[in-house]
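What follows is the residue order along each chain.
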Amino acid sequence: MLLDCFSIPCVMLLSFFFLRSKYHLQQYIGVLLCLSGVILLVLSDYLLYRRNDQDSTSSPNPLLGDLLCLLAASLYSMSNVCEEISVKKFNRVEFLALIGLFGSLIDIAQWSILDRSELSSFKWEWKVLALMAGYSLCMFGVY
């Protein structure tokens, strides 16, 4: 929940060092709010885990989940900063075209390897294909 907000401070920190970005006081206050929320969430998970209250958590190791989420948010922020550097150095249209091309190729490879059994038993009807096409168009509009 709040752990994905950890990417905002990471992006600001990486942008400060690699892109020489300048920030205002309001942005630093926002980062402090994000970090305080993350600290409170991790602390609450730690206290619940230490108390070993089985009714309050469904995860056997919430601290590991929190740390993995923080790692994922850090890697996501690194990706965002690298994308910004690439867009500033190269052509935007070329960058977006290559992201779409390689993203599609990687997605098709993962889909064919990991979901092979589901693909063979899937019913390819026109209604399902229309829904998938509509979803793809909506995602295209979002990104």
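Computed from a prediction, not measured in an experiment: that's the story for all the values here.

Definitions and limits used
Residues numbered from 1 in each chain as written. Predicted model: local features only at pLDDT ≥ 70, side-chain atom pairs only at ≥ 80, totals over all residues. Heavy atoms only, no water. Helix = DSSP H or I, 4+ residues; strand = E, 2+ residues; numbered from the N terminus. Rg over C-alpha atoms; globule rule 2.2 N^0.38 Å. Buried < 20%, exposed > 50% of the residue type's maximum accessible area, 1.4 Å probe, protein only. Contact = heavy atoms within 4.5 Å. Patch = residues over 30% accessible without salt bridge, like charges linked within 9 Å, V, L, I, M, F, W, Y side chains within 5 Å. Areas by Shrake-Rupley, 256 points an atom, 1.4 Å probe, with all protein chains shown as cover. Salt bridge = Lys/Arg side-chain N within 4 Å of Asp/Glu carboxyl O. Phe/Tyr/Trp six-rings, centres within 6.5 Å; stacked < 30°, edge-to-face > 60°.

**Digging into the overall build of the protein chain**
Here's step 1: Each helix and strand counted, the protein chain has 6 helices and 0 strands in total.
Here's step 2: When its helices and strands are written in sequence order, the protein chain yields α-α-α-α-α-α.
Here's step 3: For 143 residues, the compact-globule formula gives about 15 Å, and the C-alpha radius of gyration of the protein chain, at 20 Å, lies well above that figure.
Here's step 4: Principal axes of the C-alpha set define a box for the protein chain whose edges measure 50 × 50 × 25 Å.
Here's step 5: A buried classification covers 15% of the 143 residues belonging to the protein chain.
Here's step 6: The contacts of the protein chain with a sequence gap of at least 6 include a subset with a gap of at least 24, amounting to 60%.

**Brief notes about helix H1 (residues 7–19)**
The periodicity of an α-helix, 3.6 residues per turn, causes residues three or four positions apart to be oriented the same way.
Here's step 1: Regarding H1, the residues found buried are Ser-7, Pro-9, Cys-10, Met-12, Ser-15 and Leu-19.
Here's step 2: Structurally, H1 contributes buried residues whose contacts are with helix H2 (25–51) and helix H3 (62–89).
Here's step 3: Among the residues trailing H1, Arg-20 stands out with phi positive, at a value near 55 degrees.

**Notes on a nonpolar patch on the surface**
Here's step 1: The grouping of Leu-13, Phe-16, Phe-17, Phe-18 and Tyr-28 at the surface amounts to a nonpolar patch, some 560 Å² of accessible area in total.
Here's step 2: Top contributing element to the nonpolar patch by residue count: H1, with 4 residues.

**Comments concerning the environment of Leu-41**
Here's step 1: Of note, Leu-41 is situated in helix H2.
Here's step 2: When its relative accessible area of 22% is taken as the criterion, Leu-41 is described as partly exposed.
Here's step 3: Counting along the chain gives 25 residues from Leu-41 to Asp-66, while the straight-line C-alpha distance between them is 8.8 Å.

**Details of the packing of aromatic side chains**
Here's step 1: Tallied over the full model, the rule gives 4 aromatic pairs.
Here's step 2: Ring centres 6.2 Å apart and planes at 75 degrees place the aromatic pair Tyr-23 and Tyr-28 in the edge-to-face group.
Here's step 3: Centre to centre, the rings of Trp-111 and Trp-124 are 6.5 Å apart; their planes meet at 75 degrees, and the pair counts as edge-to-face. With Trp-111 in helix H4 (residues 92–114) and Trp-124 in the loop between helix H5 (116–120) and helix H6 (126–142), the pair connects residues that are 13 residues apart, well separated along the chain.
Here's step 4: According to the relative accessible area criterion, Trp-111 is partly exposed, its value standing at 37%.
Here's step 5: Given the relative accessible area of 45%, Trp-124 is considered partly exposed.
Here's step 6: Three or more aromatic residues joined by ring pairs form one cluster here, namely Trp-111, Phe-122 and Trp-124.

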